[in-house]
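Tertiary structure, described
The primary structure of each chain is shown beneath.
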Amino acid sequence: MNANHHAYYLNAAPRTEFNRSSLRRLRQDGRVPAVIYGAETENLAVHVDVKELLRVVRTGRTEFFDLKVEGGQVFPALIKEIQQHNGKIVHVDFQQVTKNKPIRVKMPVHLIGTAKGTKVGGVLQIQETELEVEGLPDILPASLDVDISSLDAGDKLLAGDVRLPDGVVLHSQADELLASIVLPRSAEADAARNGDEEPAGAEGAGE
C-alpha cells in the first residue's frame, strides 16, 4: 500500500454563471468547473485550473489536500468524482473532509507482480479497478497494491481477498470479482479434449 498525506493544495475560484456558454468559456480558458460537497458547508460551485488539477489527480484519488477558494476559505478535501469526455476532464466533484470523521471513498486497486497462471498460457482478466472503503482520512492509503504473483490458471481475486490497513473497512461486496486468470479458448478446448480422451484410455486399459 502506498503512503498518503503529502502537502498538496489546489486553488479554486467561485463560479457564478451556470449556462452552457459560460462552461464552454471556462474549459476553453483551461479551467474545469467543479462542486465542493461537504457536511459543514453548503455545496459550493467553483472552477480550477486543469493543469493544477492534474497535478493533484496524479497523487491518488484518496489523497486529501487543501482546496483554497479565492476569498480566503480553505477546505481539506478529496476528489470525489471525475467526469471525462474524449479523454479530457470536463467536471470534478470535491468532498470536504473532517480529519476525525470516517469517510467513504472509492480507492484504486493496483495489481502488481506476474501471475503464475500467465506463465502457462493463462490470461489475466481485470473486472474491477476500484474498491469502496471507509476510514479516517489520515489512515486511508492513496491506493491498494495487491500482489497477484500466486494466482494460477483458474484462480480468482475477490474484493474480500484484499488486505486493508487497520481501521479501514470494506464496503464493496466481499465476493465482487476483481481479476481472474483464464485460459484462452483454444487452450480450454485442448484441455477439454484431453480430459475426454484420458478416461477413455483408462477404460480401454481396464478391458
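In the block above lies the structure referred to throughout.
For the structure given in this document, a descriptive report is provided here. All values reported here derive from a predicted model rather than from experimental measurement. (Residues numbered from 1 in each chain as written. Predicted model: local features only at pLDDT ≥ 70, side-chain atom pairs only at ≥ 80, totals over all residues. Heavy atoms only, no water.)

Remarks on the sheet that holds strand 9 (residues 130-135)
Sheets are built from strands paired through backbone hydrogen bonds, the pairs being either parallel or antiparallel. Overall, mixed pairing links the four strands, which are arranged 10-7-9-12 in an open sheet. Edge strands, defined here as strands with exactly one partner in the open sheet, are strand 10 (144-147) and strand 12 (169-170). Pairing of strand 7 (residues 103-112) with strand 10, which is carried by four bridges, proceeds in the parallel orientation. Across the sheet, residue His 110 finds its bridge partner in strand 10, namely Asp 145. (Pairing = 2+ DSSP bridges. Helix = DSSP H or I, 4+ residues; strand = E, 2+ residues; numbered from the N terminus.)

Digging into the environment of Asn 100
Here Asn 100 lies in the loop between strand 6 (88-96) and strand 7. On a C-alpha basis, the gap between Asn 100 and Gly 135 in space is 9.7 Å, while along the polypeptide they are 35 residues apart.

Quick look at the pairing of strand 1 (residues 9-14)
Examined bridge by bridge, strand 1 and strand 4 (residues 65-69) share four bridges and lie parallel to one another. The partner of Ala 12 across the bridge, within strand 4, is Val 69.

So, helix 1 (residues 20-28)
Among all positions in helix 1, only Ser 22, Leu 23 and Leu 26 are buried. The buried residues of helix 1 occupy an angular sector of 100° when the element is viewed end-on, so they sit on one face. Among the exposed residues of helix 1, those oriented more than 90 degrees off its buried face are Arg 20 and Gln 28. In the core, the buried residues of helix 1 are packed alongside strand 2 (31-37) and strand 3 (44-49). Following helix 1 by one or two positions, Gly 30 has its phi on the positive side, about 80°. (Buried < 20%, exposed > 50% of the residue type's maximum accessible area, 1.4 Å probe, protein only. Arc of directions from axis to C-beta. Contact = heavy atoms within 4.5 Å.)

Focus: the pattern of salt bridges
In total, this model carries two salt bridges according to the counting rule given. Between Glu 17 and Arg 25 there is a salt bridge whose closest N-O contact spans 3.4 Å. Judged by relative accessible area, which is 43%, Glu 17 ranks as partly exposed. Notably, a salt bridge pairs Glu 132 with Arg 104, separated by 4.0 Å at the nearest N-O pair. Placement of Glu 132 in strand 9 and of Arg 104 in strand 7 is noted, with a sequence separation of 28 residues between them. When its relative accessible area of 48% is taken as the criterion, Arg 104 is described as partly exposed. (Salt bridge = Lys/Arg side-chain N within 4 Å of Asp/Glu carboxyl O.)

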